[in-house]
Amino acid sequence: GYKKELIINTLGYEYDGLKISYIFNSQYKETNSSFSMWLARDYVTSSFIVMNGDTLIDERYLDRIINEESDSSVLIDLFFTKFTFEDLKVSIDSDFKVNNIGKDILLTEKTYGSPAIYKFQNESVKLLFELIEENFIKKDSLKSLLSRAIQIFSSKYKVIAISIEESIFWID
C-alpha cells in the first residue's frame, strides 16, 4: 500500500509487546478501502479498530471506543455539524443508534461529523466481512469505500455512535 515502508520502518513487527502483521493491498490503485479491509479477514477474528492512517485524535476518545461494549460502533463528534462534501457524516436516533452513515447522506438535525473510527467485535466481525464479500467482492465492485460497507452494515445491524462530548481537535 501507500508508503508501506515508512509505516513498517516506524513500527516494525512488534510494538509495545504486541506482534504486528502487515497485509498489503497490491491492487490499491484499482481498489479501495472495502477491498483492503476484506484482505485482512483471515487475520481479524475477535475485535478490531478501523481508522485511517492519517487520522489524528486525542487518545481519550480512542480509549472510549476501545472500551465500548457494543458489537459495532463508530465515533462521532457532537460539535461537528457544518459539513463539506468530503466529510463523513453519521445520522443517529435518540438512543445513539446509527441510522445512516456516509459522505453523501441526507442531513437531519441528528447528523454529526465523524473521524471515521470504527470498532467491531464478537459476531459483528464475521458479519462485516461477509457483507463486504457479498456486496463488493463477488460483484466485482472493488472501488467501494469502507464507509459504504458500514452504511449497508448499519442498515442491517445495530451500530452505536460513541460521542465526543467536548470540542476537541481531530483531523481525518
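Being a predicted model, the structure only gives us computed values, none of them experimental. (Residues numbered from 1 in each chain as written. Predicted model: local features only at pLDDT ≥ 70, side-chain atom pairs only at ≥ 80, totals over all residues. Heavy atoms only, no water.)

1. Concerning the packing of aromatic side chains
Then, number 1: Going through the model one piece at a time under the given rule, you end up with eight aromatic pairs.
Then, number 2: A ring pair is formed by F120 and F153, whose centres lie 5.4 Å apart and whose planes are at 90°; its orientation type is edge-to-face. Linking F120 in strand β9 (residues 118–121) with F153 in helix α5 (residues 146–156), this pair joins segments that are 33 residues apart in sequence. Across this residue pair, the class does not change: F120 and F153 are buried. (Phe/Tyr/Trp six-rings, centres within 6.5 Å; stacked < 30°, edge-to-face > 60°. Helix = DSSP H or I, 4+ residues; strand = E, 2+ residues; numbered from the N terminus. Buried < 20%, exposed > 50% of the residue type's maximum accessible area, 1.4 Å probe, protein only.)

2. Observations regarding a nonpolar patch on the surface
Then, number 1: Taken together, I7, L11 and Y15 make up a surface patch of nonpolar side chains, about 290 Å² in accessible area.
Then, number 2: With respect to the helices and strands, Y15 occurs in strand β1 (residues 14–15).
Then, number 3: For Y15, a relative accessible area of 52% gives the class exposed. (Patch = residues over 30% accessible without salt bridge, like charges linked within 9 Å, V, L, I, M, F, W, Y side chains within 5 Å. Areas by Shrake-Rupley, 256 points an atom, 1.4 Å probe, with all protein chains shown as cover. Salt bridge = Lys/Arg side-chain N within 4 Å of Asp/Glu carboxyl O.)

3. Section: the layout of surface pockets
Then, number 1: Each pocket or cavity is described by its volume, and for the largest pocket that value is around 2400 Å³.
Then, number 2: In terms of lining, the largest pocket is formed by 49 residues, of which the most central are I49, V50, M51, N52 and G53.
Then, number 3: Those elements that provide at least two residues to the lining of the largest pocket are α1 (4–11), β2 (18–19), α2 (33–39), β3 (47–50), α3 (59–66) and α5.
Then, number 4: Broken down by class, the residue content of the lining of the largest pocket amounts to 28 nonpolar, 14 polar and seven charged. (1 Å grid on protein atoms, 1.4 Å probe; cavity = no way out; pocket = protein on both sides within 12 Å on 5 of 7 lines; lining within 4 Å. Points joined across faces, edges and corners; volume = space filled by probe spheres on them. Nonpolar A, V, L, I, M, F, W, Y, C, P; charged D, E, K, R; others polar.)

4. Things to note about the pattern of salt bridges
Then, number 1: Taken as a whole, this structure holds four salt bridges when the rule is applied.
Then, number 2: Close ionic contact of R60 with D58 constitutes a salt bridge, the shortest N to O distance being 2.9 Å.
Then, number 3: D58 sits in the partly exposed class, given a relative accessible area of 26%.
Then, number 4: In this structure, E86 and K103 form a salt bridge, with 3.0 Å as the shortest nitrogen-oxygen distance. Linking E86 in the loop between β5 (72–77) and β6 (89–92) with K103 in the loop between β7 (98–102) and β8 (111–113), this pair joins segments that are 17 residues apart in sequence.

5. Things to note about the pairing of strand β10 (residues 160–164)
Consecutive side chains along a regular strand alternate between the two faces of the sheet.
Then, number 1: Taken across its five residues, β10 has five buried, putting it largely inside the fold.
Then, number 2: Burial of the side chains of β10 extends over both faces: I160, I162 and I164 are buried on one face and A161 and S163 on the other.
Then, number 3: Across five bridges, the pairing between β5 and β10 is parallel. Within β10, the position partnered with L75 by the bridge is I162. (Pairing = 2+ DSSP bridges.)

6. Quick notes on the side chain of Q151
Then, number 1: Its place among the elements puts Q151 in helix α5.
Then, number 2: Residue Q151 is classed as buried on the basis of its relative accessible area, which comes to 15%.
Then, number 3: Within the local environment of Q151, its side chain forms a polar contact with the side chain of N100, the two groups lying 2.8 Å apart.
Then, number 4: Apart from residues lying up to four places away in sequence, Q151 is in contact with N100, I101 and I105. (Polar contact = N/O pair within 3.5 Å; in protein donor to acceptor, adjacent residues only side chain to side chain. Contact = heavy atoms within 4.5 Å.)

7. Some details on the pairing of β7
Then, number 1: As paired elements, β6 and β7 share four bridges and run antiparallel to each other. Note that in β7 the partner of K89 across the bridge is G102.
Then, number 2: Turn length for the β6-β7 hairpin, with the two strands adjacent in sequence and antiparallel, is five residues, and the turn residue F96 shows positive phi of about 70°.

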